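# Structural description and commentary
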Number of protein chains: 4
Amino acid sequence: MVKLQRPIRHAKITNDMTVAELMDSFSGCAFGAGRLSEAVEIYREMICDEECTKFFGLAGAMVPAGMRQIVRDMIRNREIDILVTTGANLVHDIIESMGLYHYKGTDAADDVELKFNAINRIYDVFLPEEHFAKLEEKLQPLFSELPDKLSIAELLTHIGEKIDDENSILKSACDMGIPVYCPAIQDSIIGLQAWLYKQTKPLNVDAFEDMRGLIDRCYEATRTGVLIVGGGVPKNFILQSMLVTPKSFDYAIQLTMDRPETGGLSGATLDEARSWGKVGENARAVTVYSDATITLPMIVAAKNRRDLY
Amino acid sequence: MVKLQRPIRHAKITNDMTVAELMDSFSGCAFGAGRLSEAVEIYREMICDEECTKFFGLAGAMVPAGMRQIVRDMIRNREIDILVTTGANLVHDIIESMGLYHYKGTDAADDVELKFNAINRIYDVFLPEEHFAKLEEKLQPLFSELPDKLSIAELLTHIGEKIDDENSILKSACDMGIPVYCPAIQDSIIGLQAWLYKQTKPLNVDAFEDMRGLIDRCYEATRTGVLIVGGGVPKNFILQSMLVTPKSFDYAIQLTMDRPETGGLSGATLDEARSWGKVGENARAVTVYSDATITLPMIVAAKNRRDLY
Amino acid sequence: MVKLQRPIRHAKITNDMTVAELMDSFSGCAFGAGRLSEAVEIYREMICDEECTKFFGLAGAMVPAGMRQIVRDMIRNREIDILVTTGANLVHDIIESMGLYHYKGTDAADDVELKFNAINRIYDVFLPEEHFAKLEEKLQPLFSELPDKLSIAELLTHIGEKIDDENSILKSACDMGIPVYCPAIQDSIIGLQAWLYKQTKPLNVDAFEDMRGLIDRCYEATRTGVLIVGGGVPKNFILQSMLVTPKSFDYAIQLTMDRPETGGLSGATLDEARSWGKVGENARAVTVYSDATITLPMIVAAKNRRDLY
Amino acid sequence: MVKLQRPIRHAKITNDMTVAELMDSFSGCAFGAGRLSEAVEIYREMICDEECTKFFGLAGAMVPAGMRQIVRDMIRNREIDILVTTGANLVHDIIESMGLYHYKGTDAADDVELKFNAINRIYDVFLPEEHFAKLEEKLQPLFSELPDKLSIAELLTHIGEKIDDENSILKSACDMGIPVYCPAIQDSIIGLQAWLYKQTKPLNVDAFEDMRGLIDRCYEATRTGVLIVGGGVPKNFILQSMLVTPKSFDYAIQLTMDRPETGGLSGATLDEARSWGKVGENARAVTVYSDATITLPMIVAAKNRRDLY
């Protein structure tokens, strides 16, 4: 017998409403609003759970879009214990840390004209190609100081330690002692720079070495939670690390526009992850199908309210 | 020569942040956050423009999702001059006005079990079938009081006047003297009730009669703006009304998850509408590709800040 | 106990493969390929079921995209008994029937430039504005011949009878005695033409009159099947017609790119329709999430193979 | 002045139509049908261009979905010179090569029940967990035979050489001398197996070593073409390899359901890639927004027609 117990309560907008109040107002709603409200509740619970090891999977060009400060603050506020991200987000973080900007552009650009102007486009963000030349000047000397053999996370720590910008994601992670994993690091300008360096000098970065540390953290954790932005390699790399442990994630939030029906991992539901034992049978889990540049800030902003108490 | 003038400024979350402050923080961002911020700016400008006639196109099951109060408040706050919506939103509004609730359910329901329990599902909203029996009791007597011949908007006004709930969208529109257009009204339970009534008694509702009033408003307007939720018939019915005038919309905001590539009108860009002359050459226009149950409340909440000054 | 009985059989491409063979090859596949294969099987069964009344819901700009001939052939091949569509598809069908073409364009067009060239854009299709002037010349005299009072389907029949093009969808429906329903007809250029006509002369088209005929067909049918392209008003108008009968659809196929998570009717699953009793508890039903301009022709082409036997 | 030169020619279905004939029939269409037809034409040109080095980027769970044989045949038919894929596709290929099946399931499964039945779900595909135990038995001994230091592609070659199944993608690549790149190999069960092995024994797989070979191929190529399925790391890893050369891709086809508006690389348009110089200014390029399990087989099948001449 299906029970009808929770009537829809309609959201109400009030003057000078805080994001937290709006999220509370969404708690009686359905569709995206209801899911976002559920995500906020899970996030609040996860953040307040001191025995919970918090994973953050960051895919998509979130740094070019203007989400750098938010991720940096999450790290420094101890809302992230382990960061898994893409090479691209790190590259754009390092570029910004050198005082080099991304620019607001338009997706209706003439890309051939942009090419002639040496401007790279990321949807509606423009980036001067010369930034990459400056990145090269920074990274090449840095590669020459590396030990004979290291893991990807170790490489990133070396880079992070040479960053002179408190607002850098990578620097913040170094400062806070948070490991940064980036499985497909070759798939980025860092990868191209490593290729360039290896033309003339040795560099030995082990592809599998980081898994030990990541999986150890999964084994050791009392409880675990994960916030996934956009899917991709970070999503699966975090979730699969539970497969070899007797545990599974206790909290899980996914912010994505990808859809389940294509069968790809990015759009896969968190329920699917339960069949694998990646997400626990009784774990609180929700996917919000909406633009993550909107929903991530809202969740973080709505969490903050608790700081008052 | 492409100019790079506006560096991306990264959003920053502060304690107890208001929605308006978050939107302001998005103004330096790109992707969805940037577009939403642009939508807020257009909405603020449109609302403050006293010579602007404001159209609102409401498709999607926004009432079952919990957006009824927000639309009602927009009407009573004079943020809407002309409402075009679907039969479904009106049906669910009338149901709520009778004290009958929608309920939070789940999209992972067993629909055959729901059927046996006489519960109808709208994504993750549950609705008891018996509500429709009560709706029938309300509508049938009401049909018998109608004039010999009327337009769809006139039919809706007759219904709205019999609603005893200040929070009803339809009642609010009646109270404020705002016309409600619903081109595909037969495509709803109101349509089925009309069919039932016409089994035994005459009812003559003209399909085209409302166009005069709508197009007259377009002709008379000094400036026009439109906020489109979800696309569908309301979107095109509003936009096409400009085709026969020498004017075009001066402000346009579209909140949708539909995509342009399928060629359907719902996902069509507002730029496409410029080629038709529906949206003006120099009009401020933006589409936010994100769940409208999230973005509509945010825009309305961020607008409110201005009320303070 | 979950049983694993049907191993995935991988699709194989052979030389000069027919569409029917490819669809058969998909029968062992999953994701979109598996769903499309299932749709073909349902369609074959539905078409061969002589006691099945076949509904076709056609939304989206399928005529401008080049799908006119396919729909026309489906009608003349008796694969459609009842057609429900949008005003736009009919307008573009009538335009083509006058020897006026749609043109291949590009979605990366400069829409302001198009406006100055009097060219309307529908995604990557271009249409000269002057076609609408010619449409006006055809429709205005035709309106003056109409009876005092008629239904939308009757209006469309009157128009269809004046079309001199065997390839017209509307003319083909008239020739075959197939009713064409178009609930939101005002939401189209036909609507604007009716508005123009009504400036000076009376025209009384009843919004609800067609429901009787449609619902009678549902009552009378032994079995019913529906093929839905794109969702929108046609989808719901067909499905809801079952609500007032003790029956439900026995076969249902939906071809769409819309997604369920926004809660809109277009993206709603056919399972959701089971909770309402629109689609039967044991009905064969499948949704293919892929571009309908690709999947509709494939289904129709794969069906044809049976003609050989 | 915008010219209107190519009228839409409507697709026509004929009896026992081949896929190639259907694609030819799509050549006068727009939307998805038009784009797919364009993709077929580019693919035909690319395949026939003997001086073109052909890259294939394969993301998404295409092997579980039943696309293994098609990719295998593309390799053996020399339609692929360089394969970049995900660890998941390789894992599922190796599993199948051991005579272990994937099974047709349903996306409406009870995932907790599946977990209790030790069945993993990939959308509507079911996979017994015990397959991974058998994979472990195969991979662990194999790891012990590896050289002291190797690249990811070398690791994959070692595995491929031990596969005894002509239908394996990996084995076919080995047989044909085609390199297989997999940047995020740790993000897969192969990665977990490597982690397990490294608990007790050394294994040194260099993350960056493969870039040399890949980029050399880009430098050496007279012309280059790329077929991208689904986006992800394979897409960017292929495209970025051109950044350090003076060249760019001459042919590019992308099959995806991802959308541009989120700013992620998977959904990024191929025009965006022109601004970076990844795709050439005058390159023929098209993206088909439709399920790749449908469009990939269609393109390959339509290509085959040329074999007749």
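Below: a short report on this structure.

Cut-off values and rules
Residues numbered from 1 in each chain as written. Chains lettered and ligands numbered in written order. Predicted model: local features only at pLDDT ≥ 70, side-chain atom pairs only at ≥ 80, totals over all residues. Helix = DSSP H or I, 4+ residues; strand = E, 2+ residues; numbered from the N terminus. Rg over C-alpha atoms; globule rule 2.2 N^0.38 Å. Contact = placed C-beta atoms within 7 Å. Nonpolar A, V, L, I, M, F, W, Y, C, P; charged D, E, K, R; others polar. Least-squares fit on C-alpha atoms with pLDDT ≥ 70 in both. Axes fitted to C-alpha atoms, helices over the stretch in contact; angles between N-to-C directions. Parallel < 35°, antiparallel > 145°, perpendicular 65-115°, else oblique. Left-handed = near helix turned anticlockwise from the far one by under 90°. Buried ≥ 20, exposed ≤ 12 C-beta atoms within 10 Å, placed from the backbone. Pairing = 2+ DSSP bridges. Arc of directions from axis to C-beta. Expected span 1.5 Å × (residues − 1).

Counting its regular elements, chain A contains 14 helices and 11 strands. Taking 2.2 N^0.38 as the reference for a compact globule, 309 residues should give roughly 19 Å; the C-alpha atoms of chain A span a radius of gyration of 20 Å, in line with that estimate. Its C-alpha atoms put chain A at 70 × 45 × 40 Å along the principal axes. Put simply, of all contacts in chain A between residues at least 6 apart along the chain, 75% involve residues at least 24 apart.

Time to look at the interface of chain C and chain D. Of the residues lining the interface, 58 residues belong to chain C; the matching set on chain D comes to 58 residues. For the side of chain C that touches chain D, a count of residues per class yields 33 nonpolar, 13 polar and 12 charged.

A word on the relation of the copies chain B and chain A. For the pair chain B and chain A, the best superposition has an RMSD of 0.0 Å and corresponds to a rotation of 180° with a translation of 0.0 Å parallel to the axis. Taken together, the turn and the small shift mark the pair as related by a two-fold rotation axis. Within chain B, Thr18(B) has its C-alpha nearest the rotation axis, a separation of 1.8 Å. A shared interface surface links the copies, since 100% of the contact residues of chain B are contact residues in chain A too.

The next thing to look at is the packing of helix α2 (residues 31–48) of chain A against helix α14 (residues 292–304) of chain A. Residue and element names in this part refer to chain A. Interaxial distance between α2 and α14 falls to 9 Å at its minimum, and their mutual angle equals 50°. One finds that α2 runs oblique with respect to α14. For the element pair α2 and α14, the recorded crossing hand is right-handed. Contacts from Leu 36, Ala 39, Val 40, Tyr 43, Arg 44 and Ile 47 in α2 reach Thr 295, Met 298, Ile 299, Ala 302 and Lys 303 in α14.

To continue, consider the pairing of strand β2 (residues 82–85) of chain B. Residue and element names in this part refer to chain B. Side chains Ile 82 and Val 84 of β2 all project onto a buried face; the interleaved residues Leu 83 and Thr 85 project onto the opposite face, where all are buried too. In terms of strand pairing, strand β1 (residues 52–58) meets β2 through 4 bridges, oriented parallel. Residue pairing across strands places Gly 57 opposite Val 84, the latter belonging to β2. Two elements, β2 and strand β7 (residues 180–181), share 2 bridges in a ladder whose sense is parallel. By the bridge assignment for β7, Val 84 is matched with Tyr 181.

Our next topic: helix α11 (residues 210–220) of chain C. Inspection of α11(C) places Asp210(C), Met211(C), Leu214(C), Ile215(C) and Cys218(C) among the buried residues, and these make up the whole buried set. When α11(C) is viewed along its axis, its buried side chains cluster within an angular range of 115° and face the same direction. Those residues of α11(C) that are exposed and angled more than 90 degrees off the buried face are Asp216(C), Tyr219(C) and Glu220(C). Residues of α11(C) that are buried in the fold lie against α10 (189–198) of chain B together with β2 (82–85), β6 (150–151), α8 (152–161), β7 (180–181) and β9 (223–229) of chain C.

Aligned on chain D, chain C shows an RMSD of 0.0 Å; the corresponding rotation is 180° and the shift along the axis is 0.0 Å. In this assembly, 100% of the residues forming the interface of chain C have copies in chain D that are likewise at the interface, indicating an isologous arrangement.

With that settled, the discussion passes to the interface of chain B and chain A. With 58 residues of chain B in contact, the opposing surface of chain A contributes 58 residues. Secondary-structure elements contributing two or more residues to the side of chain B that touches chain A are α1 (19–25), α2 (31–48), α3 (62–65), α4 (68–76), β3 (103–104), α6 (111–116), β5 (125–128) and α14 (292–304) of chain B. Partitioning the side of chain B that touches chain A into residue classes produces 33 nonpolar, 13 polar and 12 charged.

Residue and element names in this part refer to chain A. Between helix α4 (residues 68–76) and helix α9 (residues 169–176), whose axes approach to 9 Å, the crossing angle comes to 0°. Judged by the inter-axis angle, α4 sits roughly parallel to α9. Of the residues in α9, those in contact with Arg 68, Val 71, Arg 72, Ile 75 and Arg 76 of α4 are Ile 169, Ser 172, Ala 173 and Met 176.

Our focus in this paragraph is the sheet that holds β7(B). Strand pairs in the sheet, formed through backbone hydrogen bonds, run parallel or antiparallel to each other. Residue and element names in this part refer to chain B. Ordered by their spatial adjacency, 6 strands build an open sheet running β7-β2-β1-β9-β10-β11, and the pairing between neighbours is parallel. The open sheet has two free edges, formed respectively by β7 and β11 (279–289), since each of these has just one partner strand. Pairing geometry for β1 and strand β9 (residues 223–229), over 7 bridges, is parallel. Within β9, the position partnered with Leu 58 by the bridge is Val 229.

Residue and element names in this part refer to chain A. Two strands pair when backbone bridges link them, and strand β3 (residues 103–104) and strand β5 (residues 125–128) are joined in this way by 2 bridges, in the antiparallel orientation. By the bridge assignment, Tyr 103 is partnered in β5 with Phe 126. Across 4 bridges, the pairing between strand β4 (residues 119–122) and β5 is antiparallel. Each bridged residue has a counterpart across the sheet, and for Arg 121 the counterpart in β5 is Phe 126. Between β4 and β5, which pair antiparallel one after the other, the connecting turn spans 2 residues, and Tyr 123 there sits at a positive phi close to 50°.

Residues and elements named next belong to chain C. Positive phi is not limited to glycine here, since Phe 31 has a value of about 55°. Residue placement: Phe 31 occurs in helix α2 (residues 31–48). Phi at Arg 78 is positive, roughly 65°, even though this residue is not glycine. Inspection of the secondary structure puts Arg 78 in the loop between α4 (68–76) and β2.

Another aspect to go through is the sheet that holds strand β11 (residues 279–289) of chain C. Across the sheet, 6 strands lie side by side as β7-β2-β1-β9-β10-β11 (chain C); this open sheet has parallel pairing. Strands with a single pairing partner mark the edges of an open sheet, and in this sheet they are β7 and β11 of chain C.

What follows covers α2(B). An ideal rise of 1.5 Å per residue puts 26 Å on 18 residues; α2(B) measures up with 26 Å between its terminal C-alpha atoms. Burial of α2(B) is extensive: 13 of the 18 residues sit out of reach of the surface.

All names here are of chain C. Positionally, Leu 142 belongs in helix α7 (residues 130–143). The exposure class of Leu 142 is partly exposed, given the 16 C-beta atoms found within 10 Å. As a C-alpha pair, Leu 142 and Lys 247 span 105 residues in sequence and 39 Å in three-dimensional space. The contact partners of Leu 142, leaving out residues within four places of it in the chain, are His 158, Ile 159 and Lys 162.

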